[in-house]
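# A closer look at the structure
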Amino acid sequence: MSKRIFLPLIISLVFSALPTSATADPLYDYQEDADLLRLEHLEFWTALFEEYHKVTGTFPFQNILKSKDDIAFVKIATKQQMKFLDPGAPEYNEELDFGNSSFNQQPVKDLVAELERVLERVIDEKYDMQQVPTNSPIGYYYFATDTGYVLWVTCITCGVTRISTLLFDGHTPTVNIASEGMVGNVTKALSRSDMLSHRTYKKWKKRPYHKEGYVRQMETKNAHDSK
C-alpha cells in the first residue's frame, strides 16, 4: 500500500467514528484542523521561548553551542511520531526526516525540562496531532544558533504566501517564526509579534475547527508525552 493511500485510509477510519462532517471531504477537514492546531502550537512554543529569553537572556540550548557554526536542534515530536523520525527506529523514513546529522540534536524531553526549570512551572506540551507521516514531515522543528532561534511547523492548507514557504522537498508549506536576530536568515520567517499581527496569519486563524472536540482530545492525550 502506498504512503499516499495509507494516510487517507487512517483518517477515514478515525473520522468514521466521529459525527458527520460539515463538508463533504473529511480528509480535507482533518488537514484544516491539523494545520490550525499547528499554528496554535507555533504560538505556544514561541511564547515559551520568548519568556525563557526574558529570564535568561538566551534561548533554549544556545548555551550548549560549541561554535558560531554550531546549531542546536530539537524535533518537537511525540514518542509515536519519533518512530518515523529516529534513524534507529524500524519505521524510520529518511525522505521525511528534515533533521540533519550535523546539527547538535537534543531530545524534546530535555527541551521541556529546561523550559520548566527556568520558568518554574509544569508545561502542558503541545504536539502535532498527525501521528503518521505521508508526503510531508510531522512534528515541529526548533533550531537555536548563536544569533537566535527559529521554529517551523508545516501548514499544508496555508499554501505559499508572503509569510509561508516551501521546504526543500518542493511541496510542503511551512510557517516560520524566528527571533529578531534570525529573521533575515530564514526564508519568509517573521518575528513572533509580526507574524501574529500579519493580515494573512490572522485570516488563517479565523477559520473554525471542524472537529474541535477530537482535536482537543488528541492535544490532551499528548500533554505530558515527554515525561
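Throughout this description, residue numbers start from 1 for each chain and increase along the sequence as written. Totals for whole chains, interfaces and linings use all residues, but because this is a predicted model, local features are given only for residues with pLDDT of at least 70 and pairs of side-chain atoms are given and counted only at 80 or more. Each side-chain value is derived from all of the structure's non-hydrogen atoms; neither hydrogens nor water enter the calculation.

## Concerning the overall build of the protein chain
Short version of the rule: Secondary structure elements follow DSSP: runs of H or I no shorter than four residues count as helices, runs of E no shorter than two count as strands, and numbering proceeds from the N terminus. Here the term buried applies to any residue with accessible area under 20% of the maximum for its type, exposed to any over 50%, and partly exposed to those in between, with areas from a 1.4 Å probe on protein chains only. Here, residues are in contact when the closest pair of their heavy atoms is within 4.5 Å. Using the Shrake-Rupley algorithm and a 1.4 Å probe, accessible areas are obtained, with residue cover drawn only from the displayed protein chains.
Each helix and strand in the protein chain was counted, giving seven helices and six strands. Classification of the 227 residues of the protein chain by burial places 51% in the buried group. Excluding contacts between residues fewer than 6 apart, the proportion of contacts in the protein chain whose partners are at least 24 apart in sequence is 70%. With the model as given, the accessible surface of the protein chain reaches about 11300 Å², and the carbon-plus-sulfur share is 53%.

## Quick look at unusual backbone geometry
Outside of glycine, negative phi angles account for most residues, and trans bonds account for most peptide bonds. One non-glycine residue, Phe 61, lies in the positive phi region at around 75 degrees. Counting through the fold element by element, Phe 61 comes out in the loop between α2 (26-56) and β1 (72-76). Look at Lys 188: it is not a glycine, yet its phi comes out positive at around 60 degrees.

## What to know about the packing of aromatic side chains
The test is simple: Stacked, tilted and edge-to-face are the three classes applied to pairs of Phe, Tyr and Trp rings, where Trp contributes its six-membered ring and a pair requires centres within 6.5 Å; stacked means planes under 30 degrees apart, edge-to-face means over 60, and tilted covers the rest.
Enumeration according to the criterion identifies 12 aromatic pairs in this entry. When the ring of Phe 49 is compared with that of Tyr 142, the centres are 4.4 Å apart and the planes differ by 45 degrees; the resulting orientation is tilted. Of the two residues, Phe 49 sits in helix α2 while Tyr 142 sits in strand β3 (residues 140-145), which places them 93 residues apart along the sequence. The exposure classification of Phe 49 matches that of Tyr 142, with both residues buried.

## Description of the pattern of salt bridges
To keep it simple, the criterion reads: The salt bridge criterion pairs a side-chain nitrogen of Lys or Arg with a carboxyl oxygen of Asp or Glu, the two atoms within 4 Å.
Overall, the coordinates contain 13 salt bridges when judged by the stated rule. Of the charged contacts in the structure, one is a salt bridge between Arg 38 and Asp 128, with a shortest N-O distance of 3.2 Å. One end of the pair, Arg 38, is in helix α2; the other, Asp 128, is in the loop between α4 (108-119) and β3, and 90 residues separate them in sequence. With relative accessibility at 1%, the residue Arg 38 sits in the buried group. The exposure class assigned to Asp 128 is buried, which follows from its relative accessible area of 0%.

## Considering the side chain of Glu 116
Basically, it comes down to this: The term polar contact refers here to a pair of N or O atoms within 3.5 Å; inside protein, the definition further demands a hydrogen-donor-capable atom paired with an acceptor-capable atom, and it admits residues adjacent in sequence only when both atoms are side-chain atoms.
The residue Glu 116 is located in helix α4 in this model. Note on Glu 116: relative accessible area 16%, which makes it buried. Polar side-chain contacts of Glu 116 include one of 2.8 Å to the backbone nitrogen of Ile 123.

## Comments concerning the state of the cysteines
Quick reminder of the rule: Two cysteine sulfur atoms form a disulfide, by the criterion used here, when they sit within 2.5 Å.
Scanning all chains against the criterion turns up one disulfide. Covalent S-S linkage joins Cys 155 and Cys 158, the inter-sulfur distance amounting to 2.0 Å. Because the torsion about its S-S bond is 60 degrees, the bridge between Cys 155 and Cys 158 counts as right-handed. Summarising the burial analysis for this pair, Cys 155 and Cys 158 share the class buried.

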